[in-house]
Structure formats: structure tokens, C-alpha cells
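Structural overview
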Amino acid sequence: MTQKIGFIGAGYMGFGIAKNLIKNNFHLKVIAHKNRKPIKKLVNLGAEEALNYSQLFNKIDCLILCVTNTFIAKEIIKKNIKKMKKNLLVIDITTHSQNGSIEINKILKKFHIKYVESPVMGGPVQAEKGILGAIVGSSKNDFRISKKYLNSFCKNIYHFGDVGEGAKAKLISNYLSLGTATFVIETIKTANKMNIDIKKLYDVAKLGSGYSGALKRVADQAIKGNYKGYIFTVTNTLKDLTYIQKMLKDNKINNKLINVTKSYYKKAVNDGHGELLISELIKK
């Protein structure tokens, strides 16, 4: 029998994930949250649109949640917990605060609902190609069950331990990737101000240890005049850095580094650039 999945959060990342689930012959139910455009595209690809949460949760085997932050994820779970059947599997792609997924798991456990936290590495391009990397925190049994779904959109799947361990690993990974991306953005911005040829500078950087995934994402497009290479918004970056800072609050050195980076994005938000992609800050 075709297994049915309820999907919440078909945005930048969620659209590609949902598209690959359809491609892998899962029956997908989607619900509009903010933007209807990706929902229409998914329906055209074969998804079923649920008009409300009661329809979404009716006769599904798995719920995939791919939303912006812990607060939104918790609110969705708390408001709809009684609509969820016993032993439903919830796979949560959301990047959570250190204890966010642990709190959600506690809520679901009371209703005998399985929970797998699985934030991912990669962007919308990797999501559409089905080559994301999953960072999983769950029981061993729930991890085993979740793999048939995760394999639809992930090239690599890593089980870090119980619920909470995946969230911590994801935040530490983002500490590295967002810090690197910030240096890349400022490097290109500074090079532009100094009239340095960006393509030549990029070619030089590729020969040294400064070459990185973040540099490739941003610079590949920036040399063509496209500053949307790093598809992650300023607001989301500030959110993740806030989560990271809270998790590492007892480490003075990390706090200093995070404070500098966080203040960079906080200023961008205060200047009205919160909905821009972080690579677009090169032009600001």
C-alpha cells in the first residue's frame, strides 16, 4: 500500500523535499501556510491539498514538519495533537533551539506518537536534487522506520543519538557554516569597494584553504552579478545564531565570536533587510 504523508512547510527547503517524496511514490498531502505558489506546483505534480489540519491528519502514516523555528513547530503540534493518531511518525526537519525538539518529543510521547528530529544540511538546490544530509536524533527503532522517508530526499543520513543530539549537532554545524558565510559576504563586499576583480580573487581563493562550500555558493553567482547564491534569509540566520549563543552561553570565547556575527545580522534586520538572503547583503 502507498504510504501517506502529511507535509507542513513547503517553503524554500520544504518544496524540494516534498517534490522528491512525490517522485518516490509517496501519497503526499500538503497544506498552505504562507505562500500558495509551491502548493499549486506540488498539486500539479500529484500532491493532495488539505484545506485544513483535520484533513491533513486524516489517515496519514507520517507527518513531515519543515518550519522556521521552534515556536512555530510547537504551536502546530500543541494545536493539532488530538488530531494525530497513535503511533504516527513525526519527522521534524526544523532547526530547533537546543531543547526545542526535546520539548516537542515530550508532548508527543504522552499521546504515543513517534518523533524523529532530522534537521538537514544543504540548501534548496540540494533539496530538489534529493541529496541533502540528515542529522538525526531519535530512538534506534524510530530512526530505522524514518529512513524509508529520509532516503527520498537525503544522500547521507547520520544518526547522532537520542532526540536532542541532532539539534545540538545541527547548531554546531551551523556555527561553522554561517560564520564562514559571513566572512565570504564581507570579503566580496570589501573586494568590490576596493575595485578588486571578483572572478580573479575567487580563482585565487580556490587554490588556498579559504575555499569552502559557502564561498562556492556565494561567489559562483556573485561573479555573474547574482547575489542570491546563499538561499538563507537574514532573519533565519539571526534566529539560528541566537539558538547557538544560548547553547554555548558558558563558553566565553564562543560567545565573543557569536556576538560579533550576531550583531552583523541584527543590524541588517534593524535596517529593514530581514527578508533578504544573506548573500544579498553584499550589495547593502
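Above: the structure in question.
Now for a quick tour of the structure. (Residues numbered from 1 in each chain as written. Predicted model: local features only at pLDDT ≥ 70, side-chain atom pairs only at ≥ 80, totals over all residues. Heavy atoms only, no water.)

Quick notes on the pairing of strand β2 (residues 27–31)
Within β2, 4 of the 5 residues are buried, which leaves it mostly tucked inside the rest of the structure. When strand β1 (residues 4–8) meets β2, the two strands line up parallel, connected through 5 bridges. Each bridged residue has a counterpart across the sheet, and for I8 the counterpart in β2 is I31. Running through helix α1 (residues 12–23), the crossover from β1 to the neighbouring parallel element β2 is right-handed. The sheet contact formed by β2 and strand β3 (residues 48–49) spans 2 bridges and is parallel. When the sheet's bridge partners are listed, K29 is paired in β3 with E48. Read from β2 through helix α2 (residues 37–45) to β3, the crossover connection turns out right-handed. (Buried < 20%, exposed > 50% of the residue type's maximum accessible area, 1.4 Å probe, protein only. Helix = DSSP H or I, 4+ residues; strand = E, 2+ residues; numbered from the N terminus. Pairing = 2+ DSSP bridges. Right-handed = clockwise from strand over helix to strand, strands pointing away.)

With respect to the nonpolar core
In terms of nonpolar packing, the biggest core is built from 32 residues, with F7, I17, L21, L28, I64, I91 and F153 touching the most fellow members. Of all the secondary structure elements, the ones that give two or more residues to this core are β1, α1, β2, α2, β4 (62–65), β5 (89–92), β8 (132–137) and α7 (140–150). In this structure I91 touches C62, L63, I64, L65, V116, S118, S146, Y149 and L150, once residues within four positions along its chain are discounted. (Core = buried A, V, L, I, M, F, W, Y, C linked by side-chain atoms within 4.5 Å. Contact = heavy atoms within 4.5 Å.)

Focus on the packing of aromatic side chains
For the structure on display, the rule yields 4 aromatic pairs. Taken together, a centroid distance of 6.4 Å and an interplanar angle of 45° make the contact between Y202 and Y211 tilted. Of note, K41 hangs over the ring of F15, and the distance from its end group to the ring centre comes to 5.8 Å. Above the plane of the ring of Y230 lies R217, whose end atom (NZ or CZ) is 4.5 Å from the centre. (Phe/Tyr/Trp six-rings, centres within 6.5 Å; stacked < 30°, edge-to-face > 60°. Lys NZ or Arg CZ within 6 Å of the ring centre and 35° of its normal.)

Quick word on the packing of helix α8 (residues 165–193) against helix α11 (residues 234–247)
When two helices pack together, their arrangement is given by the angle between the helix axes and by the axis-to-axis distance. With their axes 10 Å apart at the nearest point, α8 and α11 run at an angle of 120° to one another. Comparing their axes, α11 and α8 come out oblique. For the element pair α8 and α11, the recorded crossing hand is left-handed. Touching K168, L171, I172, N174, Y175 and L178 of α8 are T237, D240, L241, Y243, I244 and M247, all from α11. Looking at side-chain class alone, the contact of α8 with α11 contains 8 nonpolar, 2 polar and 2 charged residues. (Axes fitted to C-alpha atoms, helices over the stretch in contact; angles between N-to-C directions. Parallel < 35°, antiparallel > 145°, perpendicular 65-115°, else oblique. Left-handed = near helix turned anticlockwise from the far one by under 90°. Nonpolar A, V, L, I, M, F, W, Y, C, P; charged D, E, K, R; others polar.)

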